[in-house]
Amino acid sequence: MSVVISPSILNCDFGHLADELAKISNADFAHVDVMDNHFVPNLSFGVGVLSQVKRATGLPVDVHLMVSNPEECVPWYLDAGADVVSFHWEAQTHARRLVSLIHEAGAKAAVALNPATPVSCLEELVDELDMVLVMTVNPGFGGQGFIEGSLAKLRRLKALC
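The model shown is predicted, which means the values in this text are computed figures rather than measured ones. (Residues numbered from 1 in each chain as written. Predicted model: local features only at pLDDT ≥ 70, side-chain atom pairs only at ≥ 80, totals over all residues. Heavy atoms only, no water.)

Colleague: Would you mind going over the nonpolar core with me for this structure?
Modeller: Across soluble globular proteins, nonpolar side chains show a tendency to be buried alongside one another. Counting 41 residues, the largest nonpolar core has V32, V53, V63, L65, Y77, I102 and L122 as the members making the most contacts within it. Contributing elements (two or more residues each) for this core: helix 1 (17–23), strand 1 (30–35), helix 2 (47–56), strand 2 (61–66), helix 3 (70–79), strand 3 (84–88), helix 4 (95–104) and strand 4 (108–113). Those residues in contact with L65, other than ones at most four positions away along the chain, are V34, C73, V74, Y77, V85, S86, F87 and H88. (Core = buried A, V, L, I, M, F, W, Y, C linked by side-chain atoms within 4.5 Å. Buried < 20%, exposed > 50% of the residue type's maximum accessible area, 1.4 Å probe, protein only. Helix = DSSP H or I, 4+ residues; strand = E, 2+ residues; numbered from the N terminus. Contact = heavy atoms within 4.5 Å.)

In structure tokens form, the structure reads like this:
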């Protein structure tokens, strides 16, 4: 089993974005957390930031959409060059349709699960996913404490896969 490293740019110095991205150039992905202040109580980046990240690094970009309307937003981020798009299970209406849309654009599709969402929700979809993001904190803010039950959840996900 391989480990994939995808550092978030959430706390980088945006006045020096290219320099910040150069510091993580040996990672597998650059992770962009998109928050809409609806699905989560915080606001972060939009498509413009993704475009700047794509210009400043050769790393593939992993976009984590913490938004209440992923069906509307996914195409924007695909058009801006996202290499991986993660949408929250809890926010979507038609997961299989979103996964197909992402794959048709040539990107990898991932589902993010909030801490209270059971892995079993993915039983009918897991074979179509490239990744699953198991949230080990409640989405929306950095610096939270790790939720210990996440380890058992990861074991259940591994068994499902």
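Following the structure, the description resumes.
Colleague: Got a minute to help me understand the environment of E72 in this structure?
Modeller: Considering the arrangement of structural elements, one finds E72 in helix 3. A C-alpha to C-alpha distance of 9.9 Å links E72 and L98, two positions 26 residues apart in sequence.

Colleague: I would appreciate a short explanation of helix 5 (residues 150–160) in the present structure.
Modeller: One full turn of an α-helix is made of 3.6 residues, so residues set three or four places apart face in the same direction. Considered for burial, the residues of helix 5 that qualify are S150, K153 and L157. Buried residues of helix 5, seen end-on, are gathered within an arc of 55 degrees and therefore sit on one face of the element. Among the exposed residues of helix 5, those oriented more than 90 degrees off its buried face are R155, K158 and A159. (Arc of directions from axis to C-beta.)

Colleague: Can you walk me through a nonpolar patch on the surface in this structure?
Modeller: A surface patch of nonpolar side chains, about 250 Å² in accessible area, is lined by F146, L151 and L154. Assessed through its relative accessible area of 38%, L154 is described here as partly exposed. (Patch = residues over 30% accessible without salt bridge, like charges linked within 9 Å, V, L, I, M, F, W, Y side chains within 5 Å. Areas by Shrake-Rupley, 256 points an atom, 1.4 Å probe, with all protein chains shown as cover. Salt bridge = Lys/Arg side-chain N within 4 Å of Asp/Glu carboxyl O.)

Colleague: What exactly am I supposed to notice about helix 4 here?
Modeller: The complete set of buried residues in helix 4 reads A95, L98, V99 and I102. End-on view of helix 4: buried residues confined to an arc of 100 degrees, all on one side of the axis. Opposite the buried face of helix 4, at more than 90 degrees from it, the exposed residues are R97 and E104. The inward-facing, buried residues of helix 4 contact helix 3, strand 3 and strand 4. Downstream of helix 4 by one or two residues, G106 has phi in the positive range, about 85 degrees.

Colleague: It is not clear to me how the pattern of salt bridges should be interpreted in this structure. Could you clarify?
Modeller: Close approach of charged atoms allows side chains of opposite charge to pair. Considering all chains together, one arrives at three salt bridges under this definition. The partner of R96 in a salt bridge is E128, and the shortest N-O contact between them spans 2.8 Å. One end of the pair, R96, is in helix 4; the other, E128, is in the loop between strand 4 and strand 5 (131–134), with 32 residues separating them in the sequence. R96 gets classed as partly exposed once you look at its relative accessible area, which sits at 40%. With a relative accessible area of 30%, E128 lands in the partly exposed category.

Colleague: Honestly, the packing of aromatic side chains in this entry has me stumped. Any pointers?
Modeller: Remark: the centre distance and the inter-plane angle together describe each pair of aromatic rings, the angle taken between the planes. According to the stated counting rule, one finds one aromatic pair in the structure shown. Centre to centre, the rings of F14 and F45 are 5.0 Å apart; their planes meet at 55 degrees, and the pair counts as tilted. Of this pair, F14 sits in the segment before helix 1 while F45 sits in the loop between strand 1 and helix 2, and the two are 31 residues apart along the sequence. The partly exposed category is assigned to F14, whose relative accessible area is 34%. (Phe/Tyr/Trp six-rings, centres within 6.5 Å; stacked < 30°, edge-to-face > 60°.)

Colleague: What exactly am I supposed to notice about the sheet that holds strand 3 here?
Modeller: One open sheet accounts for five strands, arranged 1-2-3-4-5; its pairing is parallel. Strands with a single pairing partner mark the edges of an open sheet, and in this sheet they are strand 1 and strand 5. Across the sheet, the axes of successive neighbouring strands diverge by a mean angle of 20 degrees, strand direction being ignored. Taken together, the four bridges between strand 4 and strand 5 define a ladder with parallel strand orientation. Of the residues in strand 5, the one forming a bridge with A112 is L133. Most of the contacts of helix 2 go to strand 2, to which it runs at about 165 degrees, and overall it touches strand 1 and strand 2. (Pairing = 2+ DSSP bridges. Axes fitted to C-alpha atoms, helices over the stretch in contact; angles between N-to-C directions.)

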